[in-house]
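Examination of the molecular architecture
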Amino acid sequence: MLAVLSPGQGSQKPGFLTPWLDLTGSEARLRWWSALAGVDLVHLGTKADAEEIKDTARTQPLLVAAALLAAEHLPMYDVAVTAGHSVGELGAAALAGVLPAEAAITLAGVRGREMAAACALEPTGMAAVLGGDPDEVLAAIEAHGLHPANRNGAGQVVAAGAVDGLDKLAAEPPAKTRVIRLQVAGAFHTPYMAPAEAALAGVAAGITPTDPARILLSNLDGSAVNHGREMVQRLVRQVTAPVRWDLCMRTLADLGVTGVIELPPAGTLAGLVKRELKATGVPEIVTLNTPDDLPAARDLIARHSGLGGHEPVIQFRVVVSPAAGTFEPAAELAEGADLRVGQVIGHVATRQGPVEVTAHDSGLLTEWLAHHDDPVAPGQPLARIGGQH
């Protein structure tokens, strides 16, 4: 099983899009997306210096554009899982089919501008806390009035909040930790971003999303999201909610992902995956940074997709568990049954009560992947639906 990952803010480097503009149509695509985002993506990806592309309003649409531009040169129909870190979730949602590319770019432009404006309201910032006991780190962050904005796994938590709280955390770090201040404009993924969340919600309300065509993981809790409207709501909520990349990586492991491609600018998420999953088995990884990396990425997809050929006639969609619990398939449904969109195919028994599992597409129930009373995790495949591509 193969996953494609879309990186977030902080991974950009000056000139990283330059080689991609040699590919036919790439510059025209970026100029079209620039009109939607309200920034010059060609300039930002090729000529701009590190200071210019550090600006939140510019960085966010640039990163989403880079991921989508590179993905256009991959056989994405063979990819089973997509996920993105922070603003990278917009790229992942587009690659999963929830949003058109144009909607993802437009939302990234709005998100970047509004978060930059929220940062200007009062002095806030972020700091990475490396190492230490996880519970002690979280307790120290809370004690200084800060928020755990990113929980990235591999011994890395990012604290965010008021500048004086960050100063105190750096002066009194938890045992066996290093505290590194991040060069960002403010406290992303905290309540300080509430004005940006409200502004993004106003624009996102006008979008008509579709349900994911592949497994799409959410930063909110690491679970797979089955419905497009829910994913858009989560994308808006994520502006003020912590990024739980640790839980996304746990789901990648639970799903049995064997291959990972990180889209440009690649390297950050690949490093986190390598460190976090070393105990359970690190998937084969390709960091896609230039067009020269495309052959390796295509080869990885061919070897890990589980599909034969270059243009499959049948496309299989996977229904995944919305929660942790025990799976109970619908008694009347057997393999080979016709399913309609929204049909209940079973439920997951949880401590809070049963959670319905519904088909997000029509087609044949080709295979049950979980059975009566099987324990299941969020995002775990439950059934496979087949239909014409």
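It should be emphasised that the depicted structure is a prediction, and the values quoted were computed from it without experimental measurement.

Quick look at the overall build of the chain
Helix and strand counts for the chain come out as 12 helices and 17 strands. The C-alpha radius of gyration of the chain comes to 21 Å, within 12% of the 21 Å expected for a compact globule of 389 residues. Considering only C-alpha atoms, the chain reaches an extent of 60 × 50 × 40 Å along its principal axes. Buried positions account for 53% of the 389 residues belonging to the chain. Pairs at least 24 residues apart make up 73% of the contacts formed inside the chain by residues separated by at least 6 positions. By element, 53% of the accessible surface of the chain is carried by carbon and sulfur atoms, the whole surface being about 15900 Å². Taking the 28 positively charged and 42 negatively charged side chains of the chain as two groups, their mean positions are separated by 4 Å.

A look at the sheet that holds strand E2 (residues 81-84)
A sheet is described by the order of its strands in space; here 5 strands give the open sequence E7-E2-E1-E8-E9, paired in parallel fashion. Strand pairing shows two members of the sheet lacking a second neighbour, strand E7 (215-216) and strand E9 (284-287), which therefore form its edges. Relative to E7, E2 runs parallel, the two sharing 2 bridges. Opposite valine 81, over in E7, you have isoleucine 215 as the bridge partner.

A word on the side chain of arginine 111
Within the secondary structure, arginine 111 is located in helix H5 (residues 101-119). Despite its burial, arginine 111 pairs with no opposite charge, the nearest such side chain being glutamate 89 at 6.3 Å. Residues in contact with arginine 111, not counting those within four places in the same chain, are Gln60, Ser86, Val87, Leu90, His189, Leu200 and Val239.

Let's talk about the domain arrangement of the chain
Annotation of the chain at the domain level lists domain 1 (2-117 + 190-304), domain 2 (120-182) and domain 3 (317-386). Its C-alpha centre places domain 2 at a distance of 40 Å from the equivalent point of domain 3.

Quick notes on the pairing of E2
Of the two faces of E2, the one holding Val81 and Ala83 and the one holding Thr82 and Gly84 are both buried throughout. The sheet contact formed by strand E1 (residues 2-6) and E2 spans 4 bridges and is parallel. Opposite serine 6, over in E2, you have glycine 84 as the bridge partner.

Cut-offs used in this document
- Residues numbered from 1 in each chain as written.
- Predicted model: local features only at pLDDT ≥ 70, side-chain atom pairs only at ≥ 80, totals over all residues.
- Heavy atoms only, no water.
- Helix = DSSP H or I, 4+ residues; strand = E, 2+ residues; numbered from the N terminus.
- Rg over C-alpha atoms; globule rule 2.2 N^0.38 Å.
- Buried < 20%, exposed > 50% of the residue type's maximum accessible area, 1.4 Å probe, protein only.
- Contact = heavy atoms within 4.5 Å.
- Areas by Shrake-Rupley, 256 points an atom, 1.4 Å probe, with all protein chains shown as cover.
- Lys, Arg positive; Asp, Glu negative; His and termini not counted.
- Charge placed at Lys NZ, Arg CZ, Asp CG, Glu CD.
- Pairing = 2+ DSSP bridges.
- Salt bridge = Lys/Arg side-chain N within 4 Å of Asp/Glu carboxyl O.
- Domains from an automatic or database assignment.

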